[in-house]
Amino acid sequence: MKVREINTLHSIALSPEQTVQEVVGIFLKHQVDGAPVIDAEGKIMGLFTKDQIYRLVNEGLNVNTSVAELMIPADKIGHLDDELEDLLNEDFEWLPIVDEDRVTSMITRSNLSKVFFDFYRAISCELETIINSTINLIVSVDKEGKINVFNKAAEKFLGKEAQEVKGKNIAEIFPNSGLAEVVRTGNVELLQKVKLNDNDYISNRSPIIKDNKVIGAVAVLQCISEMEKVSRELESVKELNEELQAIIESSFDGLYITDGKGLTLRLNKAYERITGLKAQEFLGRYAEDIMKEGVVSESVAVLALKRRETVSIIQEYRAGKTTLATGNPVFDKNGNIFRVVCNVRDITELNQLNKELEQARGLSQHYQSQLRTMSYFGSDRIVIKSEKMKDLLGLIIRLAGVDSTILITGESGTGKELIAETLYINSNRRDGPFIKLNCGAIPENLLESELFGYESGAFTGASKEGKAGYFELANGGTLFLDEIGELPLNLQVKLLRVLQSREIVRVGGKKPLKINIRILAATNRNLKDMVDKKEFREDLYYRLNVVPVNVPPLRERKEEITSFVTHFMLIFNRKYKVNKRITPEVVDLFLRYDWPGNIRELENLIERLIVITTGNLLTINDLPANIKGNNPDNLASVQVSCLMPLKDAVESVEKQVLERAYAEFRTIRQMAETLKVSAATVVRKAAKYGITQEL
Ligand SMILES: Nc1ncnc2c1ncn2[C@@H]1O[C@H](COP(=O)(O)OP(=O)(O)OP(=O)(O)O)[C@@H](O)[C@H]1O
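Residues numbered from 1 in each chain as written. Predicted model: local features only at pLDDT ≥ 70, side-chain atom pairs only at ≥ 80, totals over all residues. Heavy atoms only, no water.

1. Details of the overall build of the chain
Line of reasoning, step 1. The helix and strand tally for the chain stands at 28 helices and 26 strands.
Line of reasoning, step 2. For a compact globule of 695 residues, the expected C-alpha radius of gyration is about 26 Å, and the chain comes in at 58 Å, more than 25% above that figure.
Line of reasoning, step 3. When its C-alpha atoms are laid out on the principal axes, the chain stretches across 180 × 65 × 55 Å.
Line of reasoning, step 4. Taking all 695 residues of the chain together, the buried fraction comes to 41%.
Line of reasoning, step 5. Within the chain, contacts between residues at least 6 apart in sequence are counted, and of these 58% link residues at least 24 apart.
Line of reasoning, step 6. Taken together, the 91 basic and 99 acidic charged side chains of the chain have centroids lying 12 Å from each other. (Helix = DSSP H or I, 4+ residues; strand = E, 2+ residues; numbered from the N terminus. Rg over C-alpha atoms; globule rule 2.2 N^0.38 Å. Buried < 20%, exposed > 50% of the residue type's maximum accessible area, 1.4 Å probe, protein only. Contact = heavy atoms within 4.5 Å. Lys, Arg positive; Asp, Glu negative; His and termini not counted. Charge placed at Lys NZ, Arg CZ, Asp CG, Glu CD.)

2. Some thoughts on the UniProt feature "domain: PAC" (unreviewed entry) in the chain
Line of reasoning, step 1. In the numbering adopted here, UniProt assigns the feature "domain: PAC" (unreviewed entry) to residues 307–359.
Line of reasoning, step 2. Within residues 307–359, the helical portion is 25% and the strand portion 49%, while the C-alpha atoms at the span's ends are 38 Å from each other. (UniProt positions renumbered as here; feature names shortened; annotations may be inferred.)

3. Examining the sheet that holds strand β17 (residues 434–438)
Line of reasoning, step 1. Taken in spatial order, the 5 strands make up an open sheet running β17-β20-β23-β16-β24, and their pairing is parallel. Of all the strands in the sheet, the pair left with one neighbour each is β17 and β24 (547–550). With direction set aside, neighbouring strand axes in the sheet form an average angle of 20 degrees.
Line of reasoning, step 2. With 4 bridges connecting them, strand β16 (residues 406–409) and β24 associate as parallel partners. Across the sheet, Ile-408 pairs through a bridge with Val-549, a residue of β24. (Pairing = 2+ DSSP bridges. Axes fitted to C-alpha atoms, helices over the stretch in contact; angles between N-to-C directions.)

4. Quick look at the site of the ligand
Line of reasoning, step 1. By nearness alone, 22 residues border the ligand, and Val-383, Ser-412, Lys-416, Glu-603 and Arg-666 come closest of all.
Line of reasoning, step 2. Asp-482 places a polar side-chain atom, nitrogen or oxygen, 3.2 Å from an oxygen atom of the ligand.
Line of reasoning, step 3. For the ligand, the protein covers 94% of the area, taking 620 Å² as the surface of the free molecule.
Line of reasoning, step 4. Counting only elements with at least two residues in the shell around the ligand, the list comes to α16 (416–425), α22 (561–575) and α24 (598–612).
Line of reasoning, step 5. Looking at the shell around the ligand residue by residue, the class counts come to 7 nonpolar, 6 polar and 9 charged. (Near = heavy atom within 4 Å. Polar contact = N/O pair within 3.5 Å; in protein donor to acceptor, adjacent residues only side chain to side chain. Areas by Shrake-Rupley, 256 points an atom, 1.4 Å probe, with all protein chains shown as cover. Nonpolar A, V, L, I, M, F, W, Y, C, P; charged D, E, K, R; others polar.)

5. Focus: a nonpolar patch on the surface
Line of reasoning, step 1. A cluster of nonpolar side chains, namely Tyr-576, Val-578, Val-611 and Ile-612, defines an oily patch on the protein surface of about 340 Å² accessible area.
Line of reasoning, step 2. In this structure, Ile-612 sits in helix α24. (Patch = residues over 30% accessible without salt bridge, like charges linked within 9 Å, V, L, I, M, F, W, Y side chains within 5 Å. Salt bridge = Lys/Arg side-chain N within 4 Å of Asp/Glu carboxyl O.)

6. Some details on the sheet that holds strand β5 (residues 102–108)
Line of reasoning, step 1. Spatial strand order, β3-β4-β5: 3 strands in an open sheet with mixed pairing. Sheet topology places β3 (78–79) and β5 at the edges, where each strand pairs with a single neighbour.

7. Here's the deal with the pattern of salt bridges
Line of reasoning, step 1. For the structure on display, the rule yields 34 salt bridges.
Line of reasoning, step 2. In this structure, Glu-503 engages Lys-514 in a salt bridge whose closest nitrogen and oxygen atoms are separated by 3.1 Å. One end of the pair, Glu-503, is in strand β21 (residues 503–504); the other, Lys-514, is in strand β22 (residues 513–514), and 11 residues separate them in sequence.
Line of reasoning, step 3. Residue Arg-525 is joined to Glu-535 by a salt bridge in which the shortest nitrogen-to-oxygen separation is 3.8 Å. Pair noted here: Arg-525 is in the loop between β23 (518–523) and α20 (527–532) and Glu-535 is in the loop between α20 and α21 (538–544), with a separation of 10 residues, a long-range link.
Line of reasoning, step 4. On the basis of relative accessible area, Glu-535 is assigned to the partly exposed category, the value being 35%.

8. Remarks on helix α17 (residues 444–452)
Because the α-helix completes a turn every 3.6 residues, residues three or four places apart line up on one side.
Line of reasoning, step 1. Within α17 the residues assigned to the buried category are Leu-447, Ser-449, Leu-451 and Phe-452.
Line of reasoning, step 2. Where α17 terminates, the next one or two residues include Gly-453, which has phi positive at roughly 80 degrees.

9. A word on the side chain of Glu-417
Line of reasoning, step 1. Within the fold, Glu-417 resides in helix α16.
Line of reasoning, step 2. Residues within four places of Glu-417 in sequence aside, it is in contact with Lys-436, Phe-480, Asp-482 and Arg-666.

10. A short note on the nonpolar core
Line of reasoning, step 1. Of all hydrophobic cores here, the largest spans 36 residues; its most connected members are Leu-451, Phe-471, Leu-479, Leu-481, Ile-484, Leu-495 and Phe-536.
Line of reasoning, step 2. Mapped onto this core, the elements with two or more residues apiece are β17, α17, α18 (470–473), β20 (478–482), α19 (489–501), β23, α20 and α21.
Line of reasoning, step 3. With 5 residues, α19 is the largest single contributor of residues to this core. (Core = buried A, V, L, I, M, F, W, Y, C linked by side-chain atoms within 4.5 Å.)

11. A few points about the packing of aromatic side chains
Line of reasoning, step 1. Enumeration over the complete set of coordinates arrives at 16 aromatic pairs.
Line of reasoning, step 2. Grouping aromatic residues by their ring pairs yields a cluster made of Tyr-256, Tyr-271, Phe-282 and Tyr-317.
Line of reasoning, step 3. One cation-aromatic arrangement involves Arg-109 over Phe-92; the distance from NZ or CZ to the ring centre is 4.8 Å. (Phe/Tyr/Trp six-rings, centres within 6.5 Å; stacked < 30°, edge-to-face > 60°. Lys NZ or Arg CZ within 6 Å of the ring centre and 35° of its normal.)

12. Re a negative patch on the surface
Line of reasoning, step 1. On the surface, Glu-85, Asp-86, Glu-90 and Asp-91 cluster together to form a negatively charged patch.
Line of reasoning, step 2. When you line up the elements, Glu-90 lands in the loop between α4 (84–88) and β4 (94–99).

13. What about the packing of α22 against α24?
Line of reasoning, step 1. At a minimum axis distance of 9 Å, the contact between α22 and α24 shows a crossing angle of 45 degrees. Classified by the interaxial angle, the pair formed by α22 and α24 is oblique. For α22 against α24, the interelement crossing comes out right-handed. Contact with α22, carried on its side by Ile-561, Phe-564, Val-565, Phe-568, Met-569, Phe-572, Asn-573 and Lys-575, involves Ile-599, Leu-602, Glu-603, Ile-606, Glu-607 and Ile-610 of α24 and no other residues of that element.
Line of reasoning, step 2. Across the contact of α22 with α24, the residue classes tally to 10 nonpolar, 1 polar and 3 charged. (Parallel < 35°, antiparallel > 145°, perpendicular 65-115°, else oblique. Left-handed = near helix turned anticlockwise from the far one by under 90°.)

14. Re the environment of Leu-277
Line of reasoning, step 1. Position of Leu-277 among the secondary structure elements: in the loop between α11 (269–275) and α12 (287–292).
Line of reasoning, step 2. Residues Leu-277 and Ala-319 lie 42 residues apart in sequence; the distance between their C-alpha atoms is 8.6 Å.
Line of reasoning, step 3. If we skip the residues at most four places from it in the chain, Leu-277 touches Glu-272, Phe-282 and Val-295.

15. Some details on the pairing of strand β7 (residues 147–150)
Line of reasoning, step 1. The pairing of strand β6 (residues 137–142) with β7 spans 3 bridges and is antiparallel. Across the sheet, Val-139 pairs through a bridge with Phe-150, a residue of β7.
Line of reasoning, step 2. Turn length for the β6-β7 hairpin, with the two strands adjacent in sequence and antiparallel, is 4 residues, and the turn residue Gly-145 shows positive phi of about 90 degrees.

16. Description of the domain arrangement of the chain
Line of reasoning, step 1. According to the domain assignment, the chain contains domain 1 (3–116), domain 2 (134–227), domain 3 (251–346) and domain 4 (351–550).
Line of reasoning, step 2. A separation of 79 Å is found between the C-alpha centroids of domain 1 and domain 3. (Domains from an automatic or database assignment.)

17. Thoughts on helix α26 (residues 646–664)
Line of reasoning, step 1. Between the first and last C-alpha of α26 there are 27 Å, a value that for 19 residues agrees with the 27 Å anticipated at 1.5 Å per step.
Line of reasoning, step 2. Buried-residue contacts for α26 involve α24, α27 (668–675) and α28 (679–689). (Expected span 1.5 Å × (residues − 1).)

18. Some points on the pairing of β16
Line of reasoning, step 1. Here β16 runs beside β23; their pairing, made up of 4 bridges, is parallel. What sits directly across from Thr-409, in β23, is Thr-523.

In structure tokens:
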């Protein structure tokens, strides 16, 4: 410690001209016993102390005597940078202190001793605190082996109070301490293993030397039992950490962990795979910033932090993946979030599979209904005998090889659908689906969603999962749009767009879906006339009618009637497990009849005859009157076989007429036109008699 660090020094100085009386006043006022006498430059001239006042009194001098006359010389002079310890060894009563040449203060011996004492007391206090706050055991002895220092750690580990052992001989209390040996030899003994009270310690023992003499010894002991425990704990924490790392890495789901502020701390390889980015691009960055860069549509970690609860969302990653992500906030004991653990499951494939499943389900439903109506067809299901039809079939086989859109025209029941199927079976798309939609059989308000499908919740009554439409069901295959003339104008525009872009958008959806389909269309209406009447869009007409295919009515290929009769007799005999035959007279009548309902009419008639006739031979008598009389509109052909209430008779006739209309025609419009009533009447009466149309 240096003189300048003493803060109790006084800086009173006297001038040689001052009188003793004045000095007494100064000493009393400042409670001092002496002061240096300085000249005008502040340089030391001498000392004036209470002894000089005693001398004045003793010699009877005047109190106005000047300081200069009585002052004594200053033998010793101290400096501000002198060490206190050095000054203590000096012989002085009063010591003026100078800085360079100028006197700054004065110190007395008693003053110095007190400062020194206080200083050492503070140091000793500090040392005691240090000694007691270390976890190492510290024990010191004097040269007799009596214990001087016994710190708190020693108390704790050796199970004895400092008070109880201080002053006692170490050999009695801890015979194995080895301290007496150090006092004796004066040797330093480092890293010695000792056992005290069943614990192992590493001991460093040193002699305490003063003036080249050993005056005691100190031992510092470190408990290695405790260290070993800590090291074992550290080892198990390390193992746990490795285990945790292995668990995180082995998860197939992405794992992403942030701190309570959204700062990325950890993520696994699966997460790198999903995002297509490396861990370094995330670590140490905020989830919110990563989201703003567009890496992910929405951050589940940010949401979990905001809402302070577990959150699950669907995310879209820039790398093209769709995920189901769950963010779990982890709270500390004060209720603050200190981690957010996010589990990210790649559902891209699942979504794709779901779509495929949806398509497969739709296809299976569609095929089931088709199977029901087509089950009786054998392999030789198509009759082609006339030259006209042979040419047509040749054209169809050629057209099957190209992928263009085809419009098949012809009267109802001529076999347009069969032609479309033949075309499909012979095309490159034969392994893809063949989907048929009768545009005239589906209510206008449902047609759009049937065609395009819809997203979940697109409209009231829509299913929760959404549904694939006919375009999607036919993806990779062929879509046959029957009765295309019945397509409402607004859907005609949409169909045209599909034909041009090969893309569809589900009802209630936004994302366009690419589709790969071939479209075949058919109609029994004169589309050109409809275009002229603005009932059909001209642009769509030309787009569909790339290659026109016209199927002739049965009356223009009567040479095929006999083959058709044989064909259908075979099919329905097989279907109903009977063996009925038909007379040549009936076939003759058939040849003369005009068949306005074409092949469907012939087919239905033969089925009806096989089902309702009781005998095994179908004769003219079994035929309906319109064929016998070749006059379909002749009301006289309605036979009355017995008397009954008029209302019942009317209803019976109504029912039969409607059943026939449903069997022969495919659209309500055609039925209404033939029966000369409104479409609404057809629908109402059909409902009354429970008549439905097989599509
Ligand atoms: N050449 C044929 N050989 C065997 N059966 C045929 C032939 N042509 C048509 N048919 C049968 O006649 C019925 C009506 O044929 P299809 O449904 O193909 O006619 P369409 O012209 O599509 O009728 P619509 O215009 O009313 O839809 C079907 O049961 C079909 O199997």
